[in-house]
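Take a look at the letters that make up each chain.
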Amino acid sequence: MSDIQTHLFVIFGASGDLARRKLLPALYRLMQSEEVARRCYVLGTARTDWTDEQFRENAREALRDKGYAEQEVSEWCTRNLYYQCLGEEGNDYEGLRRRIEQLERHRDLPGNRAFYLSLPPSIYRSAIEELGEVGLNASPGWTRLVVEKPFGYDLESARALNDHVHQYFSEDQVYRIDHYLGKETVQNLLAFRFGNAIFESIWSRNHIERVEITVSESLGVGGRGAYYDQSGQVRDMVQNHLTQLLTLTAMEPPTSMSATAIRQEKVKVLNAVQQPDPATDAVFGQYEAGTIDGESVPAYRDEPDIPDESITETFAALRLNVANWRWQGVPFYLRTGKRLSAKLTQIAVRFKGAPVSLFQESGQPCIPQNAGCEMRSNELLITLQPNEGFDLRFEVKAPGGSGKMELETQQLSFSYQDAFGPVPDAYETLLRDVILGDPTLFVRADEVEASWQLYAPLLEAESPVHAYEAGTWGPNEVERLLPQWTSTAR
Ligand code: NDP
């Protein structure tokens, strides 16, 4: 028996890119599962003047592009409805409420409603207010509000948005999306850390030298230039996605796997991270023209909608210190950028080396302080995309060597794809959790504020932005933070 109750899933911004590429396909796939099948009705809304049939055709096209069976898609689409509630002249939330109530009466629905704001961030406030003012913040069943990223622009605006949301909705109704949390491999970090005591016992400053978190993209800003130029890489990627990876890597074991226990530990980590100093702990960059996979790509400033004189960062590298008993003194390096050499999301944990190295070319033992002493370290690479999996690197004796012991690095590897086949899309996981009422993988109000607070000095400072060639790993100045990064594509 499924815990999923029959409900109405209302998408605001149903004619947009996210709805087409992610939300509608995720809802379709969920409906193919036994637990959701026939329990979900979709109501799209936007400014576009569509009929139900035009909305269905848009969904059919989106799903056709993904190769789903025509017959099943068409059947699913008959359950989807559309209402033009947003308009240039004014919005019609009263009309939306009436439409919802009418629909629930006709289809005998119990009044469970999810409202997904897939709208431009500039109109989150008005949408939330209007939902509240017409009484759509409560219903005979459950009511849940899903808010897309970005949640705020800085600490002040995130606080103001939280206050605004809480005027109309209680925190347990709110689901702030960071789609990274829906990725199987990100959730697997919890299983990996807390289901395997062998790693947990060495997961601290006693054994770890440093942690590197890389989220690199080979793509540029695409059609998002106007939005992106106002935000940059710290707001667009660091404050949310990389920070989520940091908290999951560094958090203490929760007292249970409940949403409250997990989110509590994540906030504790964030509160322990010291604010980075823009002058010493951060390097920013912006891409110049270059070549990626054999193709020439333009400079950031030559992308559509980007001003010629833009100084927005498309690359950021940071060093953070988590000032608590487990991590004090272990640097966490964060690196993310657009138009880098490869698409890669990876957490690289570098363990401390042996105190004395016995395997030197000279045959003499040495310690790290000796000039030329080559120390080797074990590394654990947790790759979240592409080719999700783990690699644990260690040293073995290379065969032969005529009496000399020569070491070679080898690795134990686990591939998610080989073990389990394709992993579900993050949005499928997250939408299922919304309709199940499980907030574990969503960002709590205090968490989003703690994260903005952490980066406040970087957002306020006017730091230099160094040029880097597209197709490289960022500006040369990154070496100032860390000369050699461990992360590599699998
Ligand atoms: P789009 O611009 O493609 O779509 C925006 C939607 O909002 C459209 O359906 C538009 O429809 C509607 N809309 C309603 N009122 C307005 C208005 N006043 N101005 C402009 N549009 C309006 O955006 P996306 O779908 O890409 O993004 C939606 C949200 O999701 C944003 O907050 C974005 O940050 C977030 N997001 C998007 C991702 C993506 O991959 N696309 C990834 C992560 C987050 P109409 O014109 O018919 O009114």
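Residues numbered from 1 in each chain as written. Predicted model: local features only at pLDDT ≥ 70, side-chain atom pairs only at ≥ 80, totals over all residues.

## Examining the overall build of the chain
Here is the rule: Helix and strand definitions follow DSSP, with helices as H or I runs of at least four residues and strands as E runs of at least two, each counted in order from the N terminus. With C-alpha atoms as the basis for the radius of gyration, the globule rule is written as 2.2 Å multiplied by the number of residues raised to the power 0.38. Using C-beta atoms placed from the backbone, we call a residue buried if 20 or more other C-beta atoms fall within 10 Å of its own, exposed if 12 or fewer do, and partly exposed for counts in between. Contact definition: two residues whose C-beta atoms, as placed from backbone geometry, lie within 7 Å.
When its secondary structure is counted, the chain shows 13 helices and 17 strands. The C-alpha atoms of the chain give 25 Å as radius of gyration, which agrees with the globular expectation for 490 residues (23 Å, within 12%). When the backbone C-alpha atoms are referred to their principal axes, the chain occupies close to 85 × 55 × 45 Å. Of all 490 residues assigned to the chain, the portion counted as buried reaches 41%. In the chain, of all internal contacts separated by at least 6 residues, the share reaching a separation of at least 24 is 78%.

## Remarks on the sheet that holds strand β2 (residues 40-45)
Within a sheet, adjacent strands bond to each other through the backbone by hydrogen bonds, running parallel or antiparallel. Applied cut-off: The rule for pairing is simple: two strands pair if DSSP sees at least two bridges between them. Under this scheme, a helix contributes an axis fitted over its contacting stretch, all axes are lines through C-alpha atoms, and angles between N-to-C directions fall in the 0 to 180 degree range.
If you trace the 6 strands from one edge of the open sheet to the other, you get β3-β2-β1-β4-β5-β6, paired in parallel fashion. Looking at the sheet topology across the chains shown, the edges are occupied by β3 (81-83) and β6 (174-176). The sheet shows a mean angle of 20° between the axes of neighbouring strands, taken without regard to direction.

## Some details on the packing of helix α10 (residues 259-272) against helix α13 (residues 445-460)
Quick reminder of the rule: To sort the angles, those under 35 degrees are grouped as roughly parallel, those over 145 as roughly antiparallel, those from 65 to 115 as roughly perpendicular, and the leftovers as oblique. Each crossing gets its hand from how the near helix is turned against the far one by less than a right angle, where anticlockwise is left-handed and clockwise is right-handed. Three classes are used: nonpolar for Ala, Val, Leu, Ile, Met, Phe, Trp, Tyr, Cys and Pro, charged for Asp, Glu, Lys and Arg, and polar for all others, with Gly counted as polar.
Axis separation between α10 and α13 bottoms out at 9 Å; the angle between their running directions is 15°. With respect to their mutual orientation, α10 and α13 come out roughly parallel. Helix-helix and strand crossings are classified by hand; for α10 and α13 the assignment is left-handed. Of the residues in α13, those in contact with Arg-263, Lys-266, Val-267, Leu-270 and Asn-271 of α10 are Asp-446, Glu-447, Ala-450, Ser-451 and Leu-454. When the residues that make up the contact of α10 with α13 are grouped by side-chain class, the tally is 4 nonpolar, 2 polar and 4 charged.

## Overview of α13
Let me state the cut-off plainly: For a helix, the expected span equals 1.5 Å multiplied by the number of residues minus one. A residue's bend is simply the angle between two axes: one fitted to the seven residues ending at it, one to the seven starting at it.
Across its 16 residues, α13 extends 22 Å between first and last C-alpha, which sits within 8% of the 22 Å expected from 1.5 Å per residue. Remark: the principal bend of α13, roughly 40°, maps to Leu-454, with a proline, Pro-457, within the next four residues. Buried-residue contacts for α13 involve α6 (155-168), β6, α9 (225-250), α10 and β8 (282-288).

## A look at unusual backbone geometry
Residues Lys-149 and Pro-150 are joined by a peptide bond in cis, for which omega reads 5°. Cis geometry marks the peptide bond from Gln-385 to Pro-386; its omega dihedral reads -15°. With respect to the helices, strands and loops of the structure, Pro-386 is situated in the loop between β14 (379-385) and β15 (389-397). The phi dihedral of Arg-38 falls on the positive side, at around 60°, and the residue is not glycine.

## Quick word on the UniProt feature "binding site: substrate" (unreviewed entry) in the chain
Our working definition: UniProt positions are given in the numbering used here, feature names are shortened, and annotations may be inferred rather than shown by experiment.
As annotated in UniProt, the feature "binding site: substrate" (unreviewed entry) corresponds to His-179, Lys-183, Glu-217, Asp-236, Lys-338 and Lys-343 in the numbering used here. Residue placement: Lys-338 occurs in the loop between β12 (331-337) and β13 (344-351). If near-sequence neighbours (up to four positions away) are discounted, Lys-338 is found in contact with Glu-217, Leu-219, Gly-220, Val-221, Tyr-287 and Thr-314.

## So, the nonpolar core
Basically, it comes down to this: In this description, a nonpolar core means buried residues of the types Ala, Val, Leu, Ile, Met, Phe, Trp, Tyr and Cys, linked to one another by C-beta atoms lying within 7 Å.
Ranked by internal contacts, the top residues of the largest apolar core, which has 119 residues, are Leu-27, Tyr-116, Val-146 and Leu-334. In terms of residues, this core owes the most to one element, α9, which gives 8 residues. When residues no more than four places from it in sequence are discounted, the contact partners of Val-146 are Ala-114, Phe-115, Tyr-116, Leu-117, Tyr-175, Ile-177 and Val-434.

## Topic: the pairing of strand β1 (residues 7-12)
In terms of residue burial, β1 counts as a mostly covered element, since 6 of its 6 residues are buried. Relative to β2, β1 is paired through 6 bridges, and the arrangement is parallel. Across the sheet, residue Phe-9 finds its bridge partner in β2, namely Val-42. Pairing of β1 with strand β4 (residues 113-117) involves 5 bridges; the strand directions are parallel. If you follow Phe-12 over to β4, its bridge partner there is Leu-117.

## Some words on the site of the ligand
Definition in use: To decide nearness, the C-beta atom of each residue is placed from the backbone, and the residue is near a molecule or strand if that atom lies within 6 Å of it.
Around the ligand sit 18 residues in total, of which Gly-13, Gly-16, Leu-18, Arg-47 and Thr-48 are the nearest. Here the shell around the ligand is composed, by residue class, of 9 nonpolar, 5 polar and 4 charged.

## A word on the UniProt feature "domain: Glucose-6-phosphate dehydrogenase NAD-binding" (unreviewed entry) in the chain
In the numbering used here, UniProt assigns the "domain: Glucose-6-phosphate dehydrogenase NAD-binding" (unreviewed entry) feature to residues 10-188. Taken end to end, residues 10-188 is 45% helix and 14% strand, and its first and last C-alpha atoms sit 30 Å apart.

## Some details on the domain arrangement of the chain
Quick reminder of the rule: Domain extents, as shown, originate in an automatic or database domain assignment.
When its domains are assigned, the chain resolves into domain 1 (7-148) and domain 2 (183-421 + 466-480). A C-alpha centroid distance of 37 Å is found between domain 1 and domain 2.

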